[in-house]
Amino acid sequence: MRFSKSIKIANSSLAEVLAVKETFLLFSSSQWYSSHALLIESDDINVVHWVLSPCSAPWRMRHIFVQIDNLKASINNWFITHIFREANMEADRLSKDAVHCEQG
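Quick caveat: nothing in here was measured; it's all calculated off a predicted structure.

Peer 1: Can you tell me about the overall build of the protein chain, naming the residues and giving the values?
Peer 2: Assigned secondary structure in the protein chain consists of 4 helices and 2 strands. In the protein chain, which comprises 104 residues, the share counted as buried stands at 32%. Residue pairs at least 24 apart in sequence account for 71% of intrachain contacts in the protein chain once pairs closer than 6 positions are excluded. Accessible surface, the protein chain: about 7100 Å² in total, of which carbon and sulfur atoms supply 57%.

Written as structure tokens, this is what we have:
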């Protein structure tokens, strides 16, 4: 599943955290949530660490991680892994498309 969503102005870590939250939200309400595993690939190693250990997240994002934790609890089988930005061509394409949409 791929998606792109405008978040207006944010730093890259906040954008990635919001994308992870949206991923959990979309998956938990999908038909696959009880029969398939969710695999999230992130090119932000800090976000991967924060999802796995929410207490280490910046305090300004804690409210988002409370929401993510609630969503994580509803999904039996999920994984998050780090992928190098250079290898994450799909995310790069989606983010560039979003920038072009906002400018056009």
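Peer 1: So what's going on with the side chain of Lys 72? Which residues, and what values?
Peer 2: Checked against the element boundaries, Lys 72 lands in helix H3 (residues 62-73). Reaching out from Lys 72, the side chain makes a polar contact with the side chain of Asp 69 at a distance of 3.0 Å. Residues in contact with Lys 72, not counting those within four places in the same chain, are Phe 24, Val 51, Pro 54 and Trp 78.

Peer 1: Give a description of the pattern of salt bridges that names residues and reports values.
Peer 2: By the definition in use, this model includes 1 salt bridge. Taking the shortest distance from any N to any O, the salt bridge between Asp 69 and Lys 72 comes out at 3.0 Å. Pair noted here: Asp 69 and Lys 72 are both in helix H3, with a separation of 3 residues, about one helical turn.

Peer 1: Can you explain the packing of helix H1 (residues 12-28) against helix H2 (residues 45-52)? Please cite residues and give values.
Peer 2: Two elements in contact, H1 and H2, have axes separated by 9 Å at closest approach and are oriented at 50°. By the angle between their axes, H1 is oblique relative to H2. For the pair H1 and H2, the crossing hand works out as right-handed. On H2, the residues touching Ser 13, Glu 16, Val 17, Val 20 and Phe 24 of H1 are Val 47, Trp 50 and Val 51. Within the contact of H1 with H2, the residues separate by chemical class into 6 nonpolar, 1 polar and 1 charged.

Peer 1: Go over the side chain of Ser 13, please, and point to the residues and values.
Peer 2: Within the secondary structure, Ser 13 sits in helix H1. Look at Ser 13 and you get buried, because its relative accessible area is 16%. Residues within four places of Ser 13 in sequence aside, it is in contact with Asp 44, Val 47, Trp 50 and Met 61.

Peer 1: Any chance you could break down the confidence of the model for the protein chain for me, citing the residues and the numbers?
Peer 2: Of all residues in the protein chain, 72% have pLDDT values of 70 or greater, and the mean over the chain is 83. Averaged over each element, pLDDT in the protein chain is lowest for helix H4 (residues 89-103) (57) and highest for H2 (97).

Peer 1: I'd like a description of the pairing of strand S1 (residues 38-42), backed by residues and values.
Peer 2: Regular strands have side chains that alternate between both faces of the sheet. Side chains Leu 38, Ile 40 and Ser 42 of S1 all project onto a buried face; the interleaved residues Leu 39 and Glu 41 project onto a face where none is buried. Here S1 pairs with strand S2 (residues 78-82) via 5 bridges, running parallel. The partner of Ile 40 across the bridge, within S2, is Ile 80.

Quick notes on the rules
- Residues numbered from 1 in each chain as written.
- Predicted model: local features only at pLDDT ≥ 70, side-chain atom pairs only at ≥ 80, totals over all residues.
- Heavy atoms only, no water.
- Helix = DSSP H or I, 4+ residues; strand = E, 2+ residues; numbered from the N terminus.
- Buried < 20%, exposed > 50% of the residue type's maximum accessible area, 1.4 Å probe, protein only.
- Contact = heavy atoms within 4.5 Å.
- Areas by Shrake-Rupley, 256 points an atom, 1.4 Å probe, with all protein chains shown as cover.
- Polar contact = N/O pair within 3.5 Å; in protein donor to acceptor, adjacent residues only side chain to side chain.
- Salt bridge = Lys/Arg side-chain N within 4 Å of Asp/Glu carboxyl O.
- Axes fitted to C-alpha atoms, helices over the stretch in contact; angles between N-to-C directions.
- Parallel < 35°, antiparallel > 145°, perpendicular 65-115°, else oblique.
- Left-handed = near helix turned anticlockwise from the far one by under 90°.
- Nonpolar A, V, L, I, M, F, W, Y, C, P; charged D, E, K, R; others polar.
- pLDDT = per-residue confidence, 0-100.
- Pairing = 2+ DSSP bridges.

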